[in-house]
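# Topology and contacts: notes
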Amino acid sequence: NKTFLPTQDYKNRNWFLIDCKGQTLGRLASVISVILKGKIKPHYTPSIDIGDHIILINADAIILNESSQHYLVYNPGRPGHSLKVRNVVDCLPTLTIRKAVKGMLARTETKKVHASINYL
């Protein structure tokens, strides 16, 4: 059998530099999630983490929908005080991009979002 299957200690990870200027949030998040999963590699295996690292520049220049809102939950046991609603435009771009990418990844892959995305 000559098929190459990567193992857990696979060390061939690349760094991607993505310019966010003039890109919409949803399309940018889908590209980031594909890179973090490692689906652009020819030897992609769903059970092995072979994803790459990403550096985002000009994250504050992404195109956002003005009417979109974040629903943030703090202290879920206190009724009336737990839900905060904020406009996406008013929030930090790091929070907005992380929430969009986290929604496109599976539950087991969300830990990579905080470790692999850096902002400049």
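Parameters and conventions
Residues numbered from 1 in each chain as written. Predicted model: local features only at pLDDT ≥ 70, side-chain atom pairs only at ≥ 80, totals over all residues. Heavy atoms only, no water. Helix = DSSP H or I, 4+ residues; strand = E, 2+ residues; numbered from the N terminus. Buried < 20%, exposed > 50% of the residue type's maximum accessible area, 1.4 Å probe, protein only. Areas by Shrake-Rupley, 256 points an atom, 1.4 Å probe, with all protein chains shown as cover. Polar contact = N/O pair within 3.5 Å; in protein donor to acceptor, adjacent residues only side chain to side chain. Expected span 1.5 Å × (residues − 1). Contact = heavy atoms within 4.5 Å. Salt bridge = Lys/Arg side-chain N within 4 Å of Asp/Glu carboxyl O. Patch = residues over 30% accessible without salt bridge, like charges linked within 9 Å, V, L, I, M, F, W, Y side chains within 5 Å. Axes fitted to C-alpha atoms, helices over the stretch in contact; angles between N-to-C directions. Parallel < 35°, antiparallel > 145°, perpendicular 65-115°, else oblique. Left-handed = near helix turned anticlockwise from the far one by under 90°. Nonpolar A, V, L, I, M, F, W, Y, C, P; charged D, E, K, R; others polar. Core = buried A, V, L, I, M, F, W, Y, C linked by side-chain atoms within 4.5 Å.

### As for the overall build of the protein chain
Along the backbone of the protein chain there are 3 helices and 5 strands. Traced from its N-terminal end to its C-terminal end, the protein chain shows the element sequence β-α-β-β-β-α-α-β. Of all 120 residues assigned to the protein chain, the portion counted as buried reaches 32%. Total accessible area on the protein chain is roughly 8,000 Å²; 54% of this is exposed by carbon and sulfur atoms.

### Some thoughts on the side chain of Lys-41
Note on placement: Lys-41 falls in the loop between α1 (25-37) and β2 (53-57). Within the local environment of Lys-41, its side chain forms a polar contact with the backbone oxygen of Asn-12, the two atoms lying 2.7 Å apart.

### What to know about α1
In this model, α1 (13 residues) spans 18 Å end to end at C-alpha, consistent with the 18 Å of a helix rising 1.5 Å per residue. A positive backbone phi angle near 90 degrees is found at Gly-38, which sits one or two residues after α1.

### A few points about the side chain of Thr-45
You can see Thr-45 is positioned in the loop between α1 and β2. Once residues within four sequence positions are removed from consideration, Thr-45 is found in contact with Leu-5, Pro-6 and Ile-50.

### Digging into the pattern of salt bridges
Applying the stated criterion across every chain yields a total of 2 salt bridges. In this structure, Arg-13 and Asp-49 form a salt bridge, with 3.5 Å as the shortest nitrogen-oxygen distance. Of this pair, Arg-13 sits in the segment before β1 (15-19) while Asp-49 sits in the loop between α1 and β2, and the two are 36 residues apart along the sequence. Asp-49 gets classed as partly exposed once you look at its relative accessible area, which sits at 30%. Its salt-bridge partner being Lys-41, residue Asp-52 comes within 3.0 Å of it at the nearest N-O pair. Pair noted here: Asp-52 is in the loop between α1 and β2 and Lys-41 is in the loop between α1 and β2, with a separation of 11 residues, a long-range link.

### A short note on a nonpolar patch on the surface
Together, Tyr-71, Val-73, Leu-83 and Val-85 line one region of the surface with nonpolar side chains, adding up to about 400 Å² of accessible area. At the level of secondary structure, the elements contributing two or more residues to the nonpolar patch comprise β3 (69-73) and β4 (83-87). By secondary structure assignment, the location of Leu-83 is in strand β4.

### Thoughts on the packing of α1 against helix α2 (residues 93-104)
Relative to each other, α1 and α2 sit at 60 degrees, their axes nearing to 9 Å. One finds that α1 runs oblique with respect to α2. When the axes of α1 and α2 are compared, the crossing they make is right-handed. The residues of α2 that touch α1, namely those facing Leu-25, Gly-26, Leu-28, Ala-29, Ser-30, Ile-32, Ser-33, Leu-36 and Lys-37, are Thr-96, Ile-97, Ala-100, Val-101 and Met-104. Per-class residue counts for the contact of α1 with α2 are 9 nonpolar, 4 polar and 1 charged.

### Overview of the nonpolar core
Counting residues in each nonpolar core, the largest one holds 16 residues, and the members touching the most others are Ile-18, Leu-28, Ile-32, Ile-54, Leu-56, Ile-97 and Val-101. Broken down by element, this core gets its largest block of residues, 6 residues, from α1.

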